[in-house]
Amino acid sequence: MLILSSNKSGRPFSEIWKTDIKRGESKGNGHYSGTCQYCSTHWKRAKSVSLKIHLTKCNLAPNEVRDIHSILGGHLLLVLLFIKFS
Ligand SMILES: [Zn+2]
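Being a predicted model, the structure only gives us computed values, none of them experimental.

Thoughts on the overall build of the protein
A tally of helices and strands in the protein yields three helices and three strands. Taken from N to C terminus, the helices and strands of the protein fall in the order α-β-β-β-α-α. Residues counted as buried form 15% of the 86 residues belonging to the protein. Counting contacts in the protein only where the partners sit at least 6 residues apart, residues at least 24 apart contribute 21% of the total.

See below:
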C-alpha cells in the first residue's frame, strides 16, 4: 500500500514541479511552460492536470512515478469529466 504524504499545504500539485516536471518560463497568471524530466515532452502552458495525466502514462517515467500519479489521476479524471459535462 502506498501511503500518500499528509503534510500537504493546500497545493497538492506543487510536488510534480520539484521532481517530475522542469519548470520553464512564466507565462503570466501563475502559468509556466514545462518539460517532462523523463521523455522531454514540452508544454507551452503547463497545466497541473495535464502534467499529472501525462505522468500516469509517460513511457519513460519510472514505474513508481506512474503509480503515484495514477492514484491521484483517478480523482483527476473524475474532475475532468465533471468539467467536460457540466
Ligand atoms: Zn514524459
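Moving on from the coordinates now.
Overview of the pairing of strand E1 (residues 21–28)
In terms of strand pairing, E1 meets strand E2 (residues 31–36) through five bridges, oriented antiparallel. Along E2, the bridge assignment pairs Arg-23 with Gly-34. In this structure, the hairpin formed by E1 and E2 is closed by a connection of two residues, where Asn-29 is found at a positive phi of approximately 55°.

Observations concerning unusual backbone geometry
For Asn-29, which is not glycine, the phi dihedral falls at a positive 55°. Structurally, Asn-29 is set in the loop between E1 and E2. Positive phi, normally seen in glycine, also occurs at Ser-40, with a value near 70°. Turning to its location among the elements, Ser-40 is positioned in the loop between E2 and strand E3 (42–46). The class of Ser-40 is exposed, set by 9 C-beta atoms lying within 10 Å.

A few points about the environment of Thr-19
Along the chain, Thr-19 turns up in helix H1 (residues 14–19). On the basis of neighbour counts, which here come to 10 C-beta atoms within 10 Å, the residue Thr-19 falls in the exposed class. On a C-alpha basis, the gap between Thr-19 and Cys-36 in space is 9.6 Å, while along the polypeptide they are 17 residues apart.

Things to note about the pairing of E3
Each regular strand carries side chains that alternate between the two faces of the sheet. Of the strand pairs in this sheet, E2 and E3 are connected by three bridges, and their pairing is antiparallel. Paired with Gly-34 across the bridge in E3 is Trp-43. Where E2 folds back onto E3 in an antiparallel hairpin, the turn is made up of five residues, including Ser-40, whose phi is positive at roughly 70°.

Quick notes on the environment of Cys-36
You can see Cys-36 is positioned in strand E2. C-alpha of Cys-36 to C-alpha of Asp-20: the two residues are 16 residues apart in sequence and 6.3 Å apart in space. Residue contacts for Cys-36: discarding those within four places in its chain leaves Ile-21, Thr-41, His-54 and Cys-58.

The rules behind each value
- Residues numbered from 1 in each chain as written.
- Predicted model: local features only at pLDDT ≥ 70, side-chain atom pairs only at ≥ 80, totals over all residues.
- Helix = DSSP H or I, 4+ residues; strand = E, 2+ residues; numbered from the N terminus.
- Buried ≥ 20, exposed ≤ 12 C-beta atoms within 10 Å, placed from the backbone.
- Contact = placed C-beta atoms within 7 Å.
- Pairing = 2+ DSSP bridges.

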